[in-house]
Structures are given as structure tokens and as C-alpha cells.
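Structural description and commentary
Now for the letters of each chain:
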Amino acid sequence: MTAFRALWDELATLGRDRGTGGYLRYAYSPAERACRDWFAAQAAARDLPVEADGNGNLFAWWGDPAAGDAVLTGSHFDSVPHGGAYDGPLGIVSAFLAVDALRARGHRPARPVAVAAFVEEEGARFGVPCLGSRLLTGAVDADAAGALRDADGVSFAQAHGGAPAGARPDLLARFGTAVELHVEQGRGLAEVGAAVGVGTAIWPHGRWRVTLTGEPNHAGTTAMADRRDPMLTAAFLVLAANKQARLRAARATVGRVQVRPNATNAIPERVTAWLDARAADTATLTALVEGLTAQVAERAVRDGTEVGWAAESVTAEVGFDPALAARLAALLDGAPLLPTAAGHDAGVLSAHLPTAMLFVRNHTGVSHSPAEHADDADCVAGVDALASVLAGLT
Ligand code: HGY
Ligand code: MN
Ligand code: MN
Ligand code: MN
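Along every chain, residues carry numbers that run from 1 in the direction the sequence is written. Chains and ligands are labelled by the order in which they are written, letters from A for the one and numbers from 1 for the other. Where totals are concerned, whole chains, interfaces and linings use all residues; where local detail is concerned, this predicted model gives features only for residues with pLDDT of at least 70, and gives and counts side-chain atom pairs only at 80 or more. Where side-chain values are given, they derive from all heavy atoms of the structure, hydrogens and water being excluded.

Named according to an unreviewed UniProt entry, the chain is Zn-dependent hydrolase originating from Pilimelia terevasa.

Right, dumping it as C-alpha cells:
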């Protein structure tokens, strides 16, 4: 059994639904806390002191945490509901194994390395993606995080067991470079036949909360012409978003739909839905959302409903440090360069320090699903690549 498979099998059972194989690791849920305990045990087994930043992020230090110019490498444990095994955890397992490999070679890093686990990267519990790294960098402040509630009304502070600490410039200042290894969420590497690739950019993307309000009424006694049904406008939103995205070679998804009251025989009063929209460039993304907003407003007039839009966590295009990406590609004997349409903590960090991503081949490209998979051989190639990169950077 490879060192990868042994470590992977330990972590992969945490938060997995035995029936479906899907993962449910909401930030601070028992399953994600079990992953944190696993992280602490792995760090302790390697004599790596663990630092918590007061926002839920963890850092296991190889070297002097106070030395500065450290290399941060890691990812996240949390998942979307019914998510896959690799999205997030692969970056953390690979980071521990890359440190093991460098130690086994007798590598003595000239600067510290920190294995990181960021909290609430998916935003699946509190709605804001990369919440942990956004808090660390100050992109989201403590008050905003403190106001967040999950679907059951539980606050971030209640879940975390303490109010968010807000930005930590003192901690961020101790890092000089960041490298996040992540399973590829797409088939780019499968198409070029490479096990590992280097990230060039993250597509601009964002989430918009759409609130549709109508008139609650009886499903049987209300004539069709007399209805003001927000579900009708919501159905239009779904179809129009799909059409706009196809027309623009972009991506649009309507999810997390909340209907109130959610009854069979009652026309709802309100439908709240989230639009996840992404495009290869900011102009296309803006045009998509503006076009859709106008179309839904027009439809709402016909349906007699009101529409509210609120932009949440819009992320501008991230272009990773080209010199660093080229350096990594060279360290990896010309590994292919590729963009991603998925958001990552690395995208948040890249606004503050030279940041790179490594991607590991996923033959189906499927992600945010139990079908997400990377072959062991490719995961081992990813660990080797991360070790080579860390050796080159330290
Ligand atoms: O949603 C995303 O883009 C990422 O997987 N968090
Ligand atoms: Mn991820
Ligand atoms: Mn994800
Ligand atoms: Mn990520």
C-alpha cells in the first residue's frame, strides 16, 4: 500500500455517506471537526506545531513560524452537500506527504513551510465561499462573518465556538508564497494526457441572491389568471440563466432554492434562489448577469411578482503570478498550464502574495459529486510534484 493510499484511507471515511459515497462536511460540523482532529494528529505525528488563526484556519509549521517568508501549502476539508472525496482534502493530504518526502530526502528548507487547512472554502454552510481565507486576509470582516447564519439559524460564532477574529495581517505577513494543490474540476489534464498541471488563472465568478415575492394563495381555489406566483418567475430565472450562459460560452447555475411556504397546495409567497455565474472574462460575466437581471425584471412584471437581487462574494478574475507559474512548470519538466473555472482559497491569497496552484488529473472531470475521482498514480504524481515545488521554493 502506498503512503498516499494509507493516509487517504484514514481521512476518506470522515463525513462520507455509506449509502451514496457522497460527503457532507459543513464547516464545524462533527464530520469537519473530525477532519480537524485528524489534521492535529498528523501534525503531532510529524512534530509540526499547529497554529489556529482565530477564524477557523489551521497551520502546521515545518520550521520557525516566526522566521517569515514561509511557503503556505494546503487547501480545505469542508465540502458541498453530497460532495466528492478529493475537492479540498487532496491538497492537505498531499502537503503532509510532500513534507514527509522532503524530510526523507534530508531536505533542510531555507524557509518555513506551513501545511494549511482553510475553513468554509465552499461556503456551503454560511453562504460565503472561501470565508476562512477571506477572513484571514480581511476580504470579509469579523462583523460581516459574525452576522452570518446557516440554514438552521446557527451563527458562525456558535458553530466556531467563538466570534471570528477578523483579519490577521500579522500572520499573513509571515508567508512569502502559497501553493495550493487541488484535484482538477474539469478534463483539461485528461485531454492533454498529463497527471499534473500548473494553474494560470481562476475565472471571474460570483453568487447572486435572487428574492422573488408574490402572493400566497390556495392552489385549488385561485384561478390561474389571478395568481402572482414567484415559482413561475423562478422557473423563468432557471431557464433564462441556462440560455444566457450557453449564448455566451459561460456558466450559470441556479441552486439553493428556498420556497416559503414550501407546500404542495399553496402558491408560495417567496422564493429565494442563488445564481452561481462564471465566465472566462469579467466583461462576459457582467453582460450575462446584467442581461439576466433585465430579462427576469421583465418577466416579473408579467407574473405580478417583485424581484430583488443581491450580489454576494463576487470574485474578479484571478491571474496567478505568471513568473511563479512558469517557475513551477519548469520545476515540473514542462507541466501543462491551465485555467480553472472553480474558486479556490489560492484565489483569495493571490491578492496578497505570489500564489500558484497545482492540479491533479481527474479523468471524468466530475466534481462536487461522489463521482469525483483521481487515480492513485496521479495523486502520487501530485505529491511528487508538490515535493519538487516545495524543494525548489525552500
Ligand atoms: O465552487 C467552487 O468554485 C469551488 O469548488 N469552491
Ligand atoms: Mn476546493
Ligand atoms: Mn469545491
Ligand atoms: Mn478551493
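A few words on the UniProt feature "binding site: Zn(2+) 2" (unreviewed entry) in the chain. UniProt positions are given in the numbering used here, feature names are shortened, and annotations may be inferred rather than shown by experiment. Taking the UniProt record as the reference, the feature "binding site: Zn(2+) 2" (unreviewed entry) is found at Asp 87, Glu 122 and His 368. A maximum C-alpha distance of 9.9 Å places the annotated residues, which cover 282 residues in sequence, within one compact spot. Tracing the backbone through its elements, the reader meets Asp 87 in the loop between β3 (70-76) and α3 (89-104). With a relative accessible area of 5%, Asp 87 lands in the buried category. Here, two residues are considered to be in contact whenever any of their heavy atoms come within 4.5 Å of each other. If we skip the residues at most four places from it in the chain, Asp 87 touches His 76, Asp 78, Glu 122, His 182, Val 183, Gln 185, Ser 367, His 368 and Glu 372. Engagement of the side chain of Asp 87 in a polar contact is seen with the side chain of His 368, the distance being 2.9 Å. By the criteria applied, helices consist of DSSP H or I runs no shorter than four residues and strands consist of E runs no shorter than two, each listed in order from the N terminus. The residue His 368 is located in the loop between β15 (355-360) and α13 (376-393) in this model. Only protein chains enter the area calculation, which uses a 1.4 Å probe; residues under 20% of their type maximum are buried, those over 50% are exposed, and those in between are partly exposed. For the purposes of these results, a polar contact is taken to be a pair of N or O atoms within 3.5 Å, where, inside protein, one atom must be able to donate a hydrogen and its partner to accept one; residues adjacent in sequence count only when each atom of the pair is a side-chain atom.

Each metal's donors are the N, O and S atoms found within 2.8 Å of it, except that Na, K and Ca use a 3.2 Å limit; water is left out, so coordination can look incomplete. In the first shell of the manganese ion (ligand 4), the protein supplies Glu 121 (OE) and His 344 (ND1), at 2.3 to 2.8 Å from the metal. In this structure, the manganese ion (ligand 4) lies 3.1 Å from the manganese ion (ligand 2). Taken together, the residues span a long stretch of sequence, with Glu 121 in the loop between β4 (113-118) and α4 (131-137) and His 344 in the loop between β14 (337-340) and α12 (345-349) at a distance of 223 residues. Each of the two residues, Glu 121 as well as His 344, counts as buried.

Attention now moves to the site of ligand 1. We call a residue near a molecule or strand whenever a single non-hydrogen atom of that residue lies within 4 Å of it. Surveying the vicinity of ligand 1 reveals the residues Asp 87, Glu 121, Glu 122, Gln 185, Arg 278, Ala 342, Gly 343 and His 368. A distance of 2.9 Å separates a nitrogen atom of ligand 1 from a polar side-chain atom of Glu 122. Only the protein chains shown count as cover for residues, and the accessible areas themselves come from Shrake-Rupley with a 1.4 Å probe. Protein coverage of the free-state accessible area of ligand 1, which is 210 Å², stands at 94%.

For the domains described, the bounds stem from an automatic or database domain assignment. The domains assigned to the chain are domain 1 (3-202 + 317-393) and domain 2 (205-315). Tallying the contact residues gives 12 residues for domain 1 and 11 residues for domain 2. Buried area: the accessible surface (1.4 Å probe) lost by two parts on joining, summed over both. It is Gly 127, Glu 317 and Ala 341 that lose the most area in domain 1 upon contact with domain 2, and together they represent 45% of the buried surface on that side. Any Lys or Arg side-chain nitrogen found within 4 Å of a carboxyl oxygen on Asp or Glu counts as a salt bridge. Our count for the contact surface shared by domain 1 and domain 2 stands at zero salt bridges. For the pair domain 1 and domain 2, the number of links is four residue pairs in polar contact (both at pLDDT 80 or more). In this count, Pro and Cys sit with the nonpolar residues alongside Ala, Val, Leu, Ile, Met, Phe, Trp and Tyr, while Asp, Glu, Lys and Arg are called charged and the others, Gly among them, polar. For the side of domain 1 that touches domain 2, the class distribution of residues is five nonpolar, three polar and four charged.

Turning our attention to the side chain of Asn 362. Of note, Asn 362 is situated in the loop between β15 and α13. A distance of 2.8 Å separates a polar side-chain atom of Asn 362 from the backbone oxygen of Val 366. Not counting residues within four places of it along the chain, the set of residues in contact with Asn 362 comprises Val 183, Glu 184, Gly 186, Arg 187, Ala 190, Glu 372 and His 373.

Reference geometry at the metal: tetrahedral coordination by four donors gives ideal angles of 109.5 degrees; octahedral coordination by six donors gives 90 or 180 degrees. Within the first shell, the manganese ion (ligand 2) binds the protein through His 76 (NE2), Asp 87 (OD) and His 182 (NE2), at distances of 2.0 to 2.2 Å. Read in sequence order, the donor residues coordinating the manganese ion (ligand 2) give the pattern H-x10-D-x94-H. Separating the manganese ion (ligand 2) from the manganese ion (ligand 3) is a gap of 3.5 Å, bridged by Asp 87, which donates to each. One end of the pair, His 76, is in strand β3; the other, His 182, is in strand β5 (residues 175-183), and 106 residues separate them in sequence. Considered together, His 76 and His 182 belong to a single accessibility category, that of buried residues.

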